[in-house]
Amino acid sequence: MGDDAADGASESDLAQNDGQRFGRLPTTAAERTVEGRASREEVVDYFADRFAIPPEAFDDYTFWEKGAGKIWIYGGDAPSPITIEAIGMTCLRTRQEHWKPTTDFVQRFGREAGECVIELESDEARAFAAGEDRELERWEGDWGYLIAAHRIAGALEPIGVGLYVHGELRSMVPKGRQREL
Amino acid sequence: MEPLERYRPIVDDFEAFLDACERPLGNAVRVNTIKASVDRATTVLEEEGVGYEGVDWNPRVLRLETDSPGSTWSSFHGFTHGQEEVSAVPATVLEPEPGERVWDCCAAPGGKATQLAALMDDRGTVVANDSNLGRISALRFNAERLGATSLAVTNDDARNYSLERFDFDEFDRALVDAPCSCEGTIRKNPDALDGWSEGYLDEVSGIQKGVLGRAVQATREGGTVVYSTCTFAPEENEAVVQHALDREDCRIVDFDLELEHSPGLTEWNDEEYDDHLEQTARIYPHQNDTGGFFVAKLEVTA
């Protein structure tokens with residue numbers, strides 16, 4: 001996912017990423033002007049390929065990068081680049097081998113997901129929200145980042161992001177979001 | 001409670017007012033309709049065994065029967081957000097619409113800014129500003145937990161706020177929920193009156209006048225500005241609105257509010273205010289068993 005900068009301008013023509021401000025993601029890799037920056041197309045494809053979230057779910061949103069690889073999703077108006085404190089919400093960490101969605105993003109958009117969603121029983125869900133890791137041998141899908149969800153008030157509701165490896169689901173719920181429920 | 005004595009002449013049933021101020025306040029939450037409908041949020045509360053009671057004036061505000069409203073699934077999922085009942089008033093008076101550009105001048109910790117986003121179906125632009133960098137992290141945390149994608153967060157002094165950073169040059173609406181002496185939060189913070197002084201009223205009202213003036217200037221003709229505080233002091237309420245009427249292009253407009261309230265004052269000590277200040281609202285703790293609040297609605301006229 002991160003190695004297709006060659007599709008666009010050569011690396012030497014590209015600006016370095018300025019981690020202090022928000023820059024809007026280019027529509028496609030070919031329109032990239034900042035070295036190493038993911039494109040909107042790659043981000044939308046990632047959510048579709050990994051979680052089967054329909055690309056249309058993002059039609060009304062723009063994606064932005066600030067810092068090294070931290071991607072934000074925004075529904076309002078803003079010029080690019082812009083130096084402010086926050087723009088919409090963080091949604092994804094790029095510039096690393098395995099991209100990682102945020103807890104708050106999957107809570108907001110994860111109901112649209114059809115793949116890589118692991119349903120937790122109520123005690124497992126409580127442990128996950130408290131930040132605990134659990135052995136979960138029953139998962140037969142892909143390893144890597146999953147959306148952990150539980151059934152609540154008659155519907156499946158995403159709780160956060162888990163990392164599934166070697167039969168264990170590790171809770172990625174950030175410390176400040178963890179709760180004893 | 002002594003500083004409150006100065007309001008004896010303006011508060012009906014002053015003893016009931018004082019009694020209410022001495023009673024602790026329960027836990028209220030606002031349903032965050034960005035993430036869940038009122039039906040879904042209340043069903044989750046019922047499943048968790050958390051008792052709740054709706055309030056008459058706003059279907060999205062609930063009073064919870066629990067001491068730890070933050071330790072529920074409904075809170076973890078961002079379906080509900082702890083917010084005092086009266087603090088849900090100003091955003092509803094501002095009545096933002098989807099797609100608009102709205103400025104929340106003093107937005108941290110974000111309860112009202114995210115409420116504005118929810119009222120706009122999270123479509124449009126809510127510029128959530130606060131001058132205090134330390135409080136911006138709480139604002140960002142709440143915005144993310146509540147899933148508000150329409151917020152742009154800035155850290156500046158609202159009194160000389162510049163729109164140059166954006167690609168638009170005026171707002172459709174602005175909310176000035178001003179820093180204040182917080183007398184009306186006495187039921188939540190029993191020490192709210194500890195540092196009270198008339199000197200502080202002078203100091204904070206200067207800031208309030210500056211922020212409200214800038215909000216009127218930054219809002220388009222025909223747009224709406226709501227001014228609110230959680231205090232009773234007329235120096236911070238009617239006098240601030242009067243100052244904006246005198247110097248900026250704006251007028252007071254009437255609004256419906258289904259909570260019991262008293263009209264704004266047209267005189268205080270030796271000062272007289274415009275008759276239209278009667279169309280502003282003073283909400284006292286004994287009227288609805290809430291905190292205290294002041295709200296004024298202005299239309300920008302040029």
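This is a predicted model, so every value here is computed, not measured.

Any chance you could explain the overall build of chain A here in plain terms?
When helices and strands are tallied, chain A shows three helices and eleven strands. If you list the helices and strands of chain A from N to C, you get β-α-β-β-β-β-β-α-β-α-β-β-β-β. Radius of gyration (C-alpha) of chain A: 17 Å, near the 16 Å computed for a compact globule of 181 residues. Taking the principal axes of the C-alpha coordinates as reference, chain A spans close to 50 × 30 × 30 Å. Expressed as a percentage of its 181 residues, the buried residues of chain A come to 51%. Residue pairs at least 24 apart in sequence account for 53% of intrachain contacts in chain A once pairs closer than 6 positions are excluded.

Can you walk me through the sheet that holds strand β4 (residues 80-82) of chain B in this structure?
Each strand in a sheet pairs with another by means of backbone hydrogen bonds, the pair being arranged parallel or else antiparallel. All names here are of chain B. Read from one edge to the other, the open sheet built from four strands follows the order β2-β3-β1-β4, with strand pairing classed as antiparallel. The strands lining the two open edges of the sheet, one partner per strand, are β2 (51-55) and β4. Across the sheet, the mean angle from the axis of one strand to that of its neighbour is 35°, orientation sign disregarded. As judged from the three bridges shared by strand β1 (residues 27-31) and β4, these two strands associate in the antiparallel manner. Each bridged residue has a counterpart across the sheet, and for R30 the counterpart in β4 is H81. Along the sheet, helix α2 (residues 38-47) makes contact with β1, β2, β3 (58-65) and β4, crossing β3 at roughly 10°.

It is not clear to me how the domain arrangement of chain B should be interpreted in this structure. Could you clarify?
Where interface size is quoted, it is often the accessible area lost as the parts come together. Residue and element names in this part refer to chain B. Each domain of chain B was delimited in the assignment, giving domain 1 (2-25 + 85-300) and domain 2 (26-83). Relative placement of domain 1 and domain 2: their C-alpha centres are 24 Å apart. A combined buried area of about 1,800 Å² lies between domain 1 and domain 2, and 50% of that area is made up of carbon and sulfur atoms. For the pair domain 1 and domain 2, the number of links is one salt bridge. Note that R63 and E85 form a salt bridge whose closest N and O atoms lie 2.8 Å from each other.

For this particular structure, what's the right way to read helix α1 (residues 40-51) of chain A?
One turn of the α-helix equals 3.6 residues, which is why residues spaced by three or four share an orientation. Residues and elements named next belong to chain A. Along its twelve residues, α1 runs 16 Å from first to last C-alpha, staying within 8% of the 16 Å computed at 1.5 Å per residue. Taken as a whole, α1 has its buried residues at E42, V43, V44, Y46, F47, R50 and F51. For α1, the secondary structure elements touched by its buried residues are β2 (62-66), β5 (89-93), β6 (100-101), α2 (103-109) and β9 (144-152). Directly beyond the C-terminal end of α1, a positive phi value near 55° is found at A52.

What is the right way to look at the domain arrangement of chain A in this model?
Residue and element names in this part refer to chain A. For chain A, the domain assignment lists domain 1 (5-101) and domain 2 (113-177). If you average the C-alpha positions of domain 1 and of domain 2, the two centres end up 26 Å apart. Counting residues at the interface gives nine residues for domain 1 and twelve residues for domain 2. Buried area between domain 1 and domain 2, summed over both chains or domains, comes out near 810 Å², and the portion from carbon and sulfur atoms is 59%. Broken down residue by residue, the surface that domain 1 buries against domain 2 is led by R50, F51 and K100, which jointly contribute 65%. There are one salt bridge connecting domain 1 and domain 2.

Help me understand the UniProt feature "binding site: S-adenosyl-L-methionine" (unreviewed entry) in chain B, please; the structure alone is not making it clear to me.
Residues and elements named next belong to chain B. Under the UniProt annotation, the feature "binding site: S-adenosyl-L-methionine" (unreviewed entry) is placed at C106, A107, A108, P109, G110, G111, K112, D130, D157 and D177. Once residues within four sequence positions are removed from consideration, K112 is found in contact with Q83, S87, P90, A91, D104, L175, D177 and F293. One can find D130 in the loop between β6 (125-129) and α6 (133-145). Once residues within four sequence positions are removed from consideration, D130 is found in contact with C105, C106, A107, A108, R135, I136, T154, N155 and D156.

What is the right way to read the interface of chain B and chain A from this model?
Opposite the 38 residues of chain B that make contact, chain A presents 39 residues. Buried surface at the junction of chain B and chain A, both sides included, amounts to about 3,200 Å², of which 55% is carbon and sulfur. Among the residues of chain B in contact with chain A, W73, F76 and E144 of chain B are the three that bury the most area, contributing 24% of the side total. In this assembly, chain B and chain A are joined by three salt bridges. The partner of R108 of chain A in a salt bridge is D122 of chain B, with the nearest N and O atoms 2.6 Å apart. Summed over the shared surface of chain B and chain A, the result is 19 residue pairs in polar contact (both at pLDDT 80 or more). Of all elements in the fold, only α2, α3 (73-76), α6 and β7 (151-154) of chain B reach the threshold of two or more residues within the side of chain B that touches chain A.

Definitions and cut-offs
Residues numbered from 1 in each chain as written. Chains lettered and ligands numbered in written order. Predicted model: local features only at pLDDT ≥ 70, side-chain atom pairs only at ≥ 80, totals over all residues. Heavy atoms only, no water. Helix = DSSP H or I, 4+ residues; strand = E, 2+ residues; numbered from the N terminus. Rg over C-alpha atoms; globule rule 2.2 N^0.38 Å. Buried < 20%, exposed > 50% of the residue type's maximum accessible area, 1.4 Å probe, protein only. Contact = heavy atoms within 4.5 Å. Pairing = 2+ DSSP bridges. Axes fitted to C-alpha atoms, helices over the stretch in contact; angles between N-to-C directions. Domains from an automatic or database assignment. Buried area = accessible area lost by both parts, 1.4 Å probe. Salt bridge = Lys/Arg side-chain N within 4 Å of Asp/Glu carboxyl O. Expected span 1.5 Å × (residues − 1). UniProt positions renumbered as here; feature names shortened; annotations may be inferred. Polar contact = N/O pair within 3.5 Å; in protein donor to acceptor, adjacent residues only side chain to side chain.

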